[in-house]
Amino acid sequence: MNTPNNVSRQAPVSPPAPARRLEGERFVLPARILHWLMAILILAMLYVGAGMVSTVSARYPELLAWHRPLGIAVLILALIRLGVRVTHRPPPLPSDLHPVQAAGAKASHYLLYALMIAMPLIGWAMQSAGGYPVIMWKGFELPPILPHDIVVYGQLRRAHGLLGYAFFLLILGHMAAGLMHAWVRRDGVFESMAGGGDS
Ligand code: HEM
Ligand code: HEM
């Protein structure tokens, strides 16, 4: 009988493992600390913001009193982070990542940076145009950055709300991509942002 011996002895063919980001190629420690600290802060800001506008109770001013200074903290941290980013080259993406995926990652990171800076600035400008003080803590408030104008206030309020939800969607997509790298591709991209150590 003619048995296909040569076929049965062959090792099973598995697809090539994805290329890994090189061992030790990571974002610098300040970039990693800022990334996770800001992730917590921004998610908290989105939830506080959404909770705030959906209540008519006395919790509105209480939540707003947290929302304003935390939002300004995000602005300051985002500017520091941008400084770290332009002075420290990020690790290159794995060489086998599809060009469309690589371009998507780059574009979404630009957008995340833009929103981290635009959201607090729009919040501050909206409060200024509405004639409301931006109280950081008792006895200290920021100066207005726009003159009082109720029409502009309305437009900025709408923009702050719409961009807030666009920000949330973008973060969800970004988290999904991060987890895809960690659990599906296992290509070292997640570790480059998550790993400890001082390199
Ligand atoms: C509010 C939430 C978040 C924001 C605003 C954010 C923002 C960013 C930005 C702007 C970058 C690009 C870093 C740079 O090039 O300087 C980045 C990278 C990264 N983030 Fe996030 N992130 C958030 C949450 C998360 C979460 C929850 C995860 C985990 C799944 C995650 C995983 C990653 C990974 C793995 C990278 C490296 C990607 C690469 O090297 O291309 N991020 N993040
Ligand atoms: C990262 C920064 C920020 C994020 C992610 C954020 C997010 C949000 C979100 C999601 C809402 C709910 C919008 C809606 O459903 O209409 C909101 C409302 C609001 N935010 Fe922010 N915000 C930020 C910074 C700021 C800052 C710095 C200020 C002021 C200095 C501010 C002032 C307000 C005010 C007054 C509202 C309530 C508007 C209303 O009553 O319709 N936000 N924010």
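Quick caveat: nothing in here was measured; it's all calculated off a predicted structure.

What about the overall build of the chain?
Along the chain, the regular secondary structure elements total six helices and two strands. Its helices and strands taken in sequence order, the chain reads α-α-α-α-β-β-α-α from the N to the C terminus. Counting across all 199 residues of the chain, residues that qualify as buried make up 17%.

Describing helix α4 (residues 99-129)
Between its first and last C-alpha atoms α4 spans 43 Å; for 31 residues at 1.5 Å apiece the expected length is 45 Å, and the two agree. All of the buried residues along α4 are Leu-115, Met-116, Met-119, Pro-120, Ile-122, Gly-123, Trp-124, Ala-125, Met-126, Gln-127, Ser-128 and Ala-129. Against the buried residues of α4 lie α2 (29-53), α3 (59-87), β1 (134-137), β2 (140-142) and α5 (150-185). One or two positions beyond α4, positive phi appears at Gly-131, with a value near 80 degrees.

Let's talk about the UniProt feature "transmembrane region" (unreviewed entry) in the chain
Under the UniProt annotation, "transmembrane region" (unreviewed entry) lies at residues 33-58, 70-87, 107-126 and 162-184. Secondary structure within residues 107-126 divides into 100% helix and 0% strand; the distance between the first and last C-alpha atoms comes to 27 Å. Measuring from the first to the last C-alpha atom of residues 162-184 gives 32 Å, for a span that is 100% helix and 0% strand.

As for α2
Between its first and last C-alpha atoms α2 spans 36 Å; for 25 residues at 1.5 Å apiece the expected length is 36 Å, and the two agree. Within α2, burial applies to Ile-42, Met-45 and Gly-49. On the buried face of α2, the contacting elements are α3, α4 and α5.

Some remarks on the pairing of β1
Here β1 pairs with β2 via three bridges, running antiparallel. Within β2, the position partnered with Ile-135 by the bridge is Glu-141. Remark: two residues form the turn of the hairpin made by β1 and β2, two consecutive strands paired antiparallel; Gly-139 in that turn has positive phi of roughly 95 degrees.

What about the site of ligand 1?
Taken together, 23 residues lie around ligand 1, and Ala-39, Ile-42, Leu-112, Gly-178 and Met-193 are the ones closest in. Counting only elements with at least two residues in the shell around ligand 1, the list comes to α2, α4, α5 and α6 (189-194). Within the shell around ligand 1, the residues separate by chemical class into 16 nonpolar, six polar and one charged.

What to know about the site of ligand 2
Taken together, 24 residues lie near ligand 2, and Gly-49, Gly-71, Gly-123, Gly-161 and Gly-164 sit nearest. Looking at the shell around ligand 2, the elements that each hand over two or more residues are α2, α3, α4 and α5. For the shell around ligand 2, the element with the most residues is α2, which contributes seven residues. Taken together, the residues of the shell around ligand 2 break down into 14 nonpolar, eight polar and two charged.

How each quantity is defined
Residues numbered from 1 in each chain as written. Chains lettered and ligands numbered in written order. Predicted model: local features only at pLDDT ≥ 70, side-chain atom pairs only at ≥ 80, totals over all residues. Helix = DSSP H or I, 4+ residues; strand = E, 2+ residues; numbered from the N terminus. Buried ≥ 20, exposed ≤ 12 C-beta atoms within 10 Å, placed from the backbone. Expected span 1.5 Å × (residues − 1). Contact = placed C-beta atoms within 7 Å. UniProt positions renumbered as here; feature names shortened; annotations may be inferred. Pairing = 2+ DSSP bridges. Near = placed C-beta within 6 Å. Nonpolar A, V, L, I, M, F, W, Y, C, P; charged D, E, K, R; others polar.

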